[in-house]
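These are the residues of each chain, in order.
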Amino acid sequence: MSVKKRIGLDIDGTITSPNTFIPYLNKHFNKTLTLDDLTEYDLTSILDITEKQFWEWMEQHEGLIYQEAELAPHAENTLHDWTKFHDLIYITARRTHLADITTNWFTTKAIPFDHIELVGKHDKLEAVREHQLDIFFEDKHDNAVAISEEFNIPVILLDTPYNRLPAPKSVIRAHSWVEAKDWVDNWLKENS
């Protein structure tokens, strides 16, 4: 058995499907976007709206979007497997007023967690430091790079069209949760 690790995970676009927002964006902004169209993390230029307009839209719709979010394929089984031996610490940019919606989603979906932290911003460095994580999962490229470089830990970057910039060796690009699980399970064996 491997030594117990503290696994850090982002939520949106990482354990949830990166497609989550697309139907809502298409409906409300009269678009026909697919995931391949989302080549930037910042959606304002893709939607041709201001940041103010985007956040007004988010205020109205984010609760429902997060309530209805689907899990990324194969994430659920992986998380259930890892929770038997490791701590699962979720660190999300979601704002704190979404705490109940977030916790209820985990409970309803029966997704294991040891801790959920809503930091309310994309900078997760302080939360990663506080929780002394051994590895992290992320979909936002600059977060993955910053966490990897600041803490010298592996960061699994779940591949999406909006995060395909080059990354350092300690940022491991995974094209699926199956691929991510294989890499992490090997890493766990080597670090037990």
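The preceding data block contains the structure.
Residues numbered from 1 in each chain as written. Predicted model: local features only at pLDDT ≥ 70, side-chain atom pairs only at ≥ 80, totals over all residues. Heavy atoms only, no water.

Considering the overall build of the chain
- A tally of regular secondary structure across the chain gives eight helices and six strands.
- Listed N to C, the secondary structure of the chain is β-α-α-α-α-β-α-β-α-β-α-β-β-α in terms of helices and strands.
- Over its C-alpha atoms the chain spans a radius of gyration of 16 Å, differing by no more than 12% from the 16 Å that the globule rule assigns to 192 residues.
- Sorting the 192 residues of the chain into buried and exposed places 51% on the buried side.
- By sequence separation, contacts in the chain at least 24 residues apart represent 63% of the contacts at least 6 residues apart.
- For the chain, the exposed area adds up to about 9800 Å²; of that, 49% sits on carbon and sulfur atoms.
- Charge-centre separation for the chain: the mean point of 19 positive side chains lies 3 Å from the mean point of 33 negative side chains. (Helix = DSSP H or I, 4+ residues; strand = E, 2+ residues; numbered from the N terminus. Rg over C-alpha atoms; globule rule 2.2 N^0.38 Å. Buried < 20%, exposed > 50% of the residue type's maximum accessible area, 1.4 Å probe, protein only. Contact = heavy atoms within 4.5 Å. Areas by Shrake-Rupley, 256 points an atom, 1.4 Å probe, with all protein chains shown as cover. Lys, Arg positive; Asp, Glu negative; His and termini not counted. Charge placed at Lys NZ, Arg CZ, Asp CG, Glu CD.)

Thoughts on the side chain of Thr16
- Summarising the element assignment, Thr16 is placed in the loop between strand 1 (6–9) and helix 1 (22–29).
- The buried category is assigned to Thr16, whose relative accessible area is 1%.
- In contact with Thr16, other than residues within four places in its own chain, are Ile11, Ala69, Glu70, Leu71, Ala72 and Trp105.

Considering the nonpolar core
- Among the nonpolar cores identified, the biggest contains 47 residues, and Leu9, Ile15, Trp57, Tyr90, Phe137, Ile156 and Trp177 are the most heavily contacted of them.
- Those residues in contact with Leu9 that lie beyond four places of it in its chain are Ile15, Leu79, Leu88, Ile89, Tyr90, Ile91, Phe136, Phe137 and Trp177.
- Ile91, Leu133, Val155 and Leu157 belong to the second-largest nonpolar core, a separate cluster that totals 13 residues. (Core = buried A, V, L, I, M, F, W, Y, C linked by side-chain atoms within 4.5 Å.)

Some points on the sheet that holds strand 5 (residues 155–158)
- Taken in spatial order, the six strands line up as 3-2-1-4-5-6 in an open sheet, and their pairing is parallel. The outermost strands of the open sheet, each flanked by one partner alone, are strand 3 (115–118) and strand 6 (171–174). If you compare each strand with its neighbour and ignore which way they point, the axes differ by 20 degrees on average.
- Pairing of strand 2 (residues 87–92) with strand 3, which is carried by four bridges, proceeds in the parallel orientation. Residue Thr92 lies in a different strand from strand 3, and its bridge partner there is Leu118.
- Sheet strands touched by helix 5 (residues 99–109): strand 2 and strand 3. Its angle to strand 3, the strand with the most contacts, is close to 150 degrees.
- Each of strand 1, strand 4 (135–138), strand 5 and strand 6 is contacted by helix 8 (residues 177–190), which is oriented at about 170 degrees to strand 4, the strand it contacts most. (Pairing = 2+ DSSP bridges. Axes fitted to C-alpha atoms, helices over the stretch in contact; angles between N-to-C directions.)

With respect to the packing of helix 1 against helix 3 (residues 51–68)
- Contact pair helix 1 / helix 3: the axes reach a minimum separation of 11 Å and the direction vectors enclose 145 degrees. For the crossing formed where helix 1 meets helix 3, the hand is right-handed. Residues Tyr24, Leu25, His28 and Phe29 of helix 1 lie in contact with helix 3, whose contacting residues are Trp57, His61, Leu64, Ile65 and Glu68. (Left-handed = near helix turned anticlockwise from the far one by under 90°.)

Some remarks on helix 5
- Among the residues of helix 5, those classed as buried are Thr102, Trp105 and Phe106. The buried side chains of helix 5 occupy one side of the element, clustering within an arc of 95 degrees when seen end-on. Facing away from the buried side of helix 5, by more than 90 degrees, are the exposed residues Asp100, Thr107 and Thr108.
- Of the surrounding elements, those touching the buried residues of helix 5 are helix 3, strand 2 and strand 3. (Arc of directions from axis to C-beta.)

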